[in-house]
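In case you want the letters, here they are:
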Amino acid sequence: MSIEVQSVTKSYETQLALNEISFSASKGEIIGFLGPNGAGKSTMMKIITGFISPTKGTVLVSGINVLKSPEEAKAKIGYLPEQNPLYQEMYVKEYLQFQASIFKVSKETIGTVIETVGLSPEVHKKISQLSKGYQQRVGIAAAIIHNPDVLILDEPTTGLDPNQLVEIRNVIKNLGSEKTVLLSTHIMQEVEAMCNRVILINKGKIVADDSLEGLKNTSPTDSLETIFRNLTSHVGSI
């Protein structure tokens, strides 16, 4: 398994952000990681990436314990946060060369990644000159520059126009054929367009974990948005 989350709990003093969360994910899965604001999604993603530690429980990435071997585990992860942290005054290629130097990646690999995410036409521009869609491509390129096993994408399509949406969807779907992708979004159309599995979290607990088709079949006459609302409106407090 690329990701193994085993009985993860996270407490902040009196607040229980995650309560005994367990799931696993394998190569080739694009998982929609869904939930209302405050459900615990960001906390779980931060724990997987090693940014924060769980109160209890274990996370393995490609078989590596994130808590015990954080640097080794992080080398297996590519992460695009919701607020894409780009150096706006750097040129696209310059920025990717900088990212590649951290992981000691070859120049040939940089060129391949640029082609993979469709950045070739913009590669000699400053990042500040790029559209939101192309800036997202730069963020994805930086996340995959070291060829990680796992991609964690937090709201990767927010703010994109319809054409950019389709283009970024295709990039993510292509990457998902050979990696494990955990994708957080509030846009149900994006889940239906990209994901083959859904994990739905509410108030720190998993309330659904199924294939996209299986989840939709639980209530065939309802939209995915309605299913989401039903599953996140009737869970008691923890």
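Let us look at the structure shown here. (Residues numbered from 1 in each chain as written. Predicted model: local features only at pLDDT ≥ 70, side-chain atom pairs only at ≥ 80, totals over all residues. Heavy atoms only, no water.)

## Side note on helix α4 (residues 107–116)
Move 1: When we look at burial in α4, the residues that qualify are Ile110, Val113 and Ile114. For α4, the angular spread of buried residues about the axis comes to 100°, placing them on one side. Relative to its buried face, α4 has exposed residues pointing more than 90 degrees away, namely Glu108 and Glu115.
Move 2: Looking one or two residues beyond α4, the residue adopting positive phi is Gly118, at roughly 70°. (Buried < 20%, exposed > 50% of the residue type's maximum accessible area, 1.4 Å probe, protein only. Helix = DSSP H or I, 4+ residues; strand = E, 2+ residues; numbered from the N terminus. Arc of directions from axis to C-beta.)

## Regarding unusual backbone geometry
Move 1: At Glu13, a position not held by glycine, the phi torsion is positive, near 55°.
Move 2: With respect to the element layout, Glu13 can be found in the loop between β1 (3–12) and β2 (15–25).
Move 3: Despite not being glycine, Lys203 shows a phi value in the positive range, around 50°.
Move 4: When you line up the elements, Lys203 lands in the loop between β9 (197–202) and β10 (205–211).

## Considering the packing of aromatic side chains
Move 1: Overall, the coordinates contain three aromatic pairs when judged by the stated rule.
Move 2: Aromatic pair Tyr87 and Tyr95: ring centres 6.0 Å apart, planes at 70°, arrangement edge-to-face.
Move 3: Since its relative accessible area comes to 3%, Tyr95 is described here as buried.
Move 4: The structure contains a cluster of three or more aromatic residues connected by ring pairs, namely Tyr87, Tyr95 and Phe98.
Move 5: Seen from the ring of Tyr12, Lys10 lies directly overhead, with NZ or CZ sitting 5.2 Å from the centre.
Move 6: Over the aromatic face of Tyr134 sits the side chain of Arg137, whose NZ or CZ is 4.9 Å from the ring centroid. (Phe/Tyr/Trp six-rings, centres within 6.5 Å; stacked < 30°, edge-to-face > 60°. Lys NZ or Arg CZ within 6 Å of the ring centre and 35° of its normal.)

## A few points about the sheet that holds β2
Move 1: As summarised here, the arrangement of the four strands in space is β2-β1-β4-β5, forming an open sheet in which the pairing is antiparallel. Since the sheet does not close on itself, it has two edges, and those belong to β2 and β5 (64–65), each with one partner.
Move 2: Taken together, the two bridges between strand β4 (residues 56–61) and β5 define a ladder with antiparallel strand orientation. Following the sheet pairing, Leu60 is matched in β5 by Asn65. (Pairing = 2+ DSSP bridges.)

## Comments concerning the packing of helix α3 (residues 92–103) against helix α5 (residues 132–144)
Relative placement of two packed helices is described by the angle separating their axes and the distance separating the axes.
Move 1: Packing of α3 against α5 brings their axes to within 9 Å, and their N-to-C directions diverge by 25°. Between α3 and α5, the angle is such that the two are roughly parallel. At the point where α3 passes α5, the crossing takes the right-handed sense. Packed against α3, whose contacting residues are Val92, Tyr95, Leu96 and Gln99, the element α5 presents Val138, Ala141 and Ala142 at the interface. (Axes fitted to C-alpha atoms, helices over the stretch in contact; angles between N-to-C directions. Parallel < 35°, antiparallel > 145°, perpendicular 65-115°, else oblique. Left-handed = near helix turned anticlockwise from the far one by under 90°. Contact = heavy atoms within 4.5 Å.)

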